[in-house]
Amino acid sequence: MRASTDPHGKGVTMDVTAIVNGVERTADVEPRVLLVHWLRDELGLTGTNVGCDTSSCGACTVLIDGRSAKACNLFAVQVDGSDITTIEGLAIDGELHPMQQAFHECHALQCGYCTPGMVMAAVSLIDEYPDLGDRGVRVGLEGNLCRCTGYQNIVHAVLQAAGEQERHP
Amino acid sequence: MTDVATHRRTGAPRVGESAPRPDGVAKVQGRFAFSSDLFAENLLWGQTIRSPHAHARIIDIDIREALSLPGVHAVLTADDVPGELHYGLEHQDQPVLAADVVRYFGEPVALVAADHPETARRAAAAVVVSYEPLTPLVDSALAAQADPIHPDGNVLRTLTIRHGDLDATAAVVVEGTYEVGMQDQAFMGPESGMALPSADGGVELFVSTQWLHADRRQVAGCLGLPEDMVRITLAGVGGAFGAREDLSLHVHLCLLSQHTGRPVKMVYRRPESFVGHVHRHPARMWYRHHADTDGTLVKVEARLLLDGGAYASSSLAVIANATCFAAGPYRVPHADIEGTVVRTNNPPCGAMRGFGAVQSCFAHEAQMDKLAAALALDPVELRRRNALATGDTLVTGQVITGAAPVAEVIDACASHPLPDLAAVDEQPMMHRPGGAGRTADAHHVRRATGFALGFKNLLFSEGFDDYSSAVCRLENGAVTITCACAEVGQGFVTLAQQIAREELGIDEIVLAPAETATVGSAGSTSASRQSWMSGGAVQAACRAVRGRVLQQVARRRGVALDGLVLRDGIIESLDGSVRVDLADAVDGPIEETAEYHHRPTQPLDENGQGDAHVSFAFAAHRAVVDVDPELGLVRVHDMTTAQDVGRVLNPLQAIGQIEGGTAQGVGLAVMEELIVEDGIIKNRSFTDYLIPTTLDMPTVRIAALIEEPEPDAPFGAKGIGEPPTISSTPAIVAALRAATGLELTRVPVRPQDIALPRS
């Protein structure tokens, strides 16, 4: 931890080293910087959206060591040493993750603002509980708001992707 | 020109098929750029200073300290607005920045631009505004008599409908008073945008919005620039639902950019978003229905009062809808209806999905149930007996000439099998009212169903010359469509491709960005109008291109024009002598522009009579709810719906609209309300303003999409977005009434309304 003389009045900063979408990133950040702002503003990963500022909507959900977390609810310094996956890191070699494919095929999005967070939350949910039914998916995604779809196609998509995962583990 | 050897059947989805969204892959990958993702070199950040009072005189604004902060590049007040000081969608009454008086909580007073968002926020806090607080006018019932809060007075509009014999009465009379609270559109992507100075001294604005050209007219007026020096491009929109039809940060961004000569970006946070856009009008409604003993409606009397808040926004059109559709989708020979919308110091209200029809539907459907009870008739049967049909006359004197399959909608919804629900005591706790929180005891829970029917107009009304424009360009076998229709999530981008494929038989359809410089207005993405209006413009532009291609081929090949057909991208002559791929049929590019107008409508006369509307769409919902009357907890288990859609252009998208629209009706029924005390919104966050989650939303079951083609509409398709939001709310409340025996005259129905009803 050290003091810096940043023109924006940055005070004490700390080193953060994390694997973000497979790439090691090291930065000097103030302890008060939220993870979502670090991802968006410093790393340019704008796929992770900010919807509410109060950890209510889940638009900023990312994976930390494989588990979903709301990036507005963590400081960047808390992910030091972690492995972060954002929506940009989900597709491998341009091939959509089954969850992304299912969201697209099932029309599980309209405006798409909640989609990155919803997809990340769903990936983590299905990874942990592959056998969920409709109700289980709804319980698991209760922390992610969508205003366009009424959620029905989102639930379809998650179940479709879970089935896909079952067939191709 | 090369003839093709084999017949090519193109594979991409056409009209009527479930084409996937063209922006879908980018959206699931996080690559779709929302307006909050914009960036430019040398960027400044804007911040708005807003009134902490609902009503106050501005004594002084001291910007010196803010301006002296390092990194601050501009602090602007009303004195810095170079053009028109006021803007407005219909009525130019809203200050760009308040000058002498603030009329609502959160009204913009000053602007800051700084080189970092935090610096901008600090500078905003350093602007010292001295106010002399005034007593806010917050009771809409007092507004007409109160001192005017605006030079234009407090009554924005009164519309009176007098139809038939005003003295008519009948054997059964039921009366009631109803209220609707203030709902927020609560789109997920808060307001954001970026303005850049352009080389000609004008400005370029990238913003999430619903109507680019109406924005341009207002922005240019306020900047004192000709319209062609303001270029607006749609940036990725995170939902709209009416909240982006009015300007929010548009002029502010441009002022800051013009003043500093640098790109300026603004992003509202959620609390600012709640005060930064209009809301659904709160309503107070008195009704008296008169019917014969067999249930035939004879007369409807109604008095509607909508709170428009501080500025006009689209209030004049909202009250027209609330009043025109106040009697519901029923044959009503006699009507005496008056609707008024007033100004108060409450937050400004304007467009939200359903636009006036939501409020009166809640009341007329409660009345229909009350009438059914008084007549000892089944509520569905009462609706069926009075249902409008093509050829019937509305209370505005307008005869319905288009499709009105109201009886079919009712029957499809009502006859759909009830959901197979487990008995309450066999359900997991999470399924009961209260869910994981204060869960109901199974033996307290009562289950009931409710039914409601609603309708509204499609497209703009009352003589407004509504149109959309599109350009179709065919070049090297590829088609580019340019249209300024704002894609806000509804899926117009998908439909535009489907329509172009249908008309030209080419799979690859490129959509150019929606912006103001290259194409005329597409009108607003509202009033369930874009599939019809911009769909119509795209269709017309494509047909014009097709016509020119066929003309060229006919001329070159020396065949009769009327002997040529274009099908699946192949031009063929009926005699078989010509067979050529569209890609090879013409040399240079062909470009055609089309402007699509719907048939003209008329203003309403002094008795509220006239052919004011183009078309109508109808929907019914049936709700199944569980209620714990002691705790006031509710679980909506099932929403079944049928809707009059004309023709389905894209089944997946149509059903998506219906599910999403129903969700917003569920929210209004049991959870969503902006709590406004003395003009101040108290719940400006998603922690306190609750919208339905995955657990609040029941399964939505589509009993039927009734496809009776609308004669005037392209492909016969009606707009789909709004009807689901209209009938869903009253269906749930009808079920709650059936479960509890309470009157429940207000939405949202809160736990205390059930557990602690006022006698």
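### A closer look at the domain arrangement of chain A
Residue and element names in this part refer to chain A.
1) Next: With domains assigned, chain A is organised as domain 1 (3-89) and domain 2 (98-167).
2) Next: Of note, the centres of domain 1 and domain 2, computed from C-alpha atoms alone, are 23 Å apart.
3) Next: Contacts between domain 1 and domain 2 engage 18 residues on the former and 14 residues on the latter.
4) Next: Three residues, N49, T61 and I87, lead the burial of domain 1 against domain 2; their summed loss comes to 36% of the area buried on that side.
5) Next: The tally of links between domain 1 and domain 2 comes to one salt bridge.

### Some details on the state of the cysteines
1) Next: Applying the stated criterion across every chain, the model contains zero disulfides over all chains.
2) Next: Of the cysteine sulfurs around A:C148, a residue in no disulfide, the closest is that of A:C111, at 3.8 Å.
3) Next: Left without a disulfide partner, B:C542 is nearest to the cysteine sulfur of B:C472, which lies 3.9 Å away.

### A look at the nonpolar core
1) Next: If you look at the biggest cluster of nonpolar residues, it comprises 144 residues, and the most contacted ones within it are A:M99, A:F103, A:L141, A:I154, A:V158, B:Y287 and B:I732.
2) Next: Here this core takes 10 residues from helix α8 (residues 357-375) of chain B, the largest share from any one element.
3) Next: Not counting chain neighbours up to four residues away, the residues in contact with A:V158 comprise A:M99, A:F103, A:A122, A:I126, A:V137 and A:L141.
4) Next: One finds B:L111, B:V207, B:A470 and B:C485 within the second-largest nonpolar core, a separate group that totals 90 residues.

### A look at the interface of chain B and chain A
Note: interface size is frequently given as the accessible area lost on complex formation between the parts.
1) Next: The partner chain A presents 44 residues to the 58 residues of chain B that form the contact.
2) Next: For the pair chain B and chain A, the two sides together bury roughly 4,300 Å², of which 56% comes from carbon and sulfur.
3) Next: Contact with chain A buries area across many residues of chain B, yet B:V28, B:M188 and B:T694 alone supply 18% of it, more than any other trio.
4) Next: Here chain B is connected to chain A by three salt bridges.
5) Next: For A:R32, the salt bridge goes to B:E118, with nearest N and O atoms at 2.6 Å.
6) Next: For the interface between chain B and chain A, the tally reads 24 residue pairs in polar contact (both at pLDDT 80 or more).
7) Next: Only α1 (24-29), α3 (117-126), α6 (270-276), α14 (651-670) and β30 (699-706) of chain B provide two or more residues apiece to the side of chain B that touches chain A.
8) Next: It is α14(B) that contributes the most residues to the side of chain B that touches chain A, eight residues altogether.

### Re the sheet that holds strand β15 (residues 283-291) of chain B
All names here are of chain B.
1) Next: Ordered by their spatial adjacency, six strands build an open sheet running β9-β17-β16-β15-β10-β31, and the pairing between neighbours is mixed. Edge positions in the sheet fall to β9 (155-163) and β31 (746-747), since each has one partner strand and no second.
2) Next: Across the sheet, helix α7 (residues 315-324) is in contact with β9, β16 (297-307) and β17 (334-342); its angle to β9 comes to roughly 25°.

### Considering helix α3 (residues 115-128) of chain A
All names here are of chain A.
1) Next: Helix length check: α3 (14 residues) gives 20 Å between terminal C-alpha atoms against 20 Å at 1.5 Å per residue, within 8%.
2) Next: Within α3, 12 of the 14 residues are buried, which leaves it mostly tucked inside the rest of the structure.
3) Next: The complete set of buried residues in α3 reads T115, P116, G117, M118, V119, M120, A121, A122, V123, S124, L125 and I126.

### Some words on the sheet that holds strand β6 (residues 101-102) of chain B
Residue and element names in this part refer to chain B.
1) Next: Strand order across the open sheet formed by three strands is β6-β2-β8, with antiparallel pairing between neighbours. The open sheet terminates on both sides in strands that have one partner only, identified here as β6 and β8 (128-133).
2) Next: The sheet contact formed by strand β2 (residues 56-62) and β8 spans six bridges and is antiparallel. Along β8, the bridge assignment pairs I58 with Y131.

### A look at the domain arrangement of chain B
Residues and elements named next belong to chain B.
1) Next: Looking at the assigned domains, one finds that chain B contains domain 1 (24-32 + 467-597), domain 2 (35-135 + 190-237 + 244-276) and domain 3 (283-461 + 604-755).
2) Next: Relative to domain 2, the C-alpha centre of domain 1 lies at a distance of 38 Å.
3) Next: Taken together, the contact pairs 17 residues of domain 1 with 15 residues of domain 2.
4) Next: Both sides together, the interface formed by domain 1 and domain 2 hides about 1,300 Å², and carbon and sulfur atoms give 55% of it.

### Some words on unusual backbone geometry
Negative phi characterises most residues that are not glycine, and trans characterises most peptide bonds.
1) Next: Cis peptide bonds are those with omega within 30 degrees of zero, and the linkage from B:V747 to B:P748 qualifies with -5°.
2) Next: Inspection of the secondary structure puts B:P748 in the loop between β31 and α16 (751-755).
3) Next: At A:N21, a position not held by glycine, the phi torsion is positive, near 50°.
4) Next: In this structure, A:N21 sits in the loop between β2 (12-20) and β3 (23-29).

### Considering the confidence of the model for chain B
Residues and elements named next belong to chain B.
1) Next: Model confidence for chain B is summarised by a mean pLDDT of 96, while 98% of its residues fall at 70 or above.
2) Next: For the stretch residues 1-9, pLDDT sits under 50, and the model shows 28 contacts to residues farther than four places along the chain or on other chains.
3) Next: Across the predicted assembly, pTM comes out at 0.97 and ipTM at 0.96.

Rules used in this analysis
- Residues numbered from 1 in each chain as written.
- Chains lettered and ligands numbered in written order.
- Predicted model: local features only at pLDDT ≥ 70, side-chain atom pairs only at ≥ 80, totals over all residues.
- Heavy atoms only, no water.
- Domains from an automatic or database assignment.
- Contact = heavy atoms within 4.5 Å.
- Buried area = accessible area lost by both parts, 1.4 Å probe.
- Salt bridge = Lys/Arg side-chain N within 4 Å of Asp/Glu carboxyl O.
- Disulfide = S-S within 2.5 Å.
- Core = buried A, V, L, I, M, F, W, Y, C linked by side-chain atoms within 4.5 Å.
- Buried < 20%, exposed > 50% of the residue type's maximum accessible area, 1.4 Å probe, protein only.
- Helix = DSSP H or I, 4+ residues; strand = E, 2+ residues; numbered from the N terminus.
- Polar contact = N/O pair within 3.5 Å; in protein donor to acceptor, adjacent residues only side chain to side chain.
- Pairing = 2+ DSSP bridges.
- Axes fitted to C-alpha atoms, helices over the stretch in contact; angles between N-to-C directions.
- Expected span 1.5 Å × (residues − 1).
- pLDDT = per-residue confidence, 0-100.

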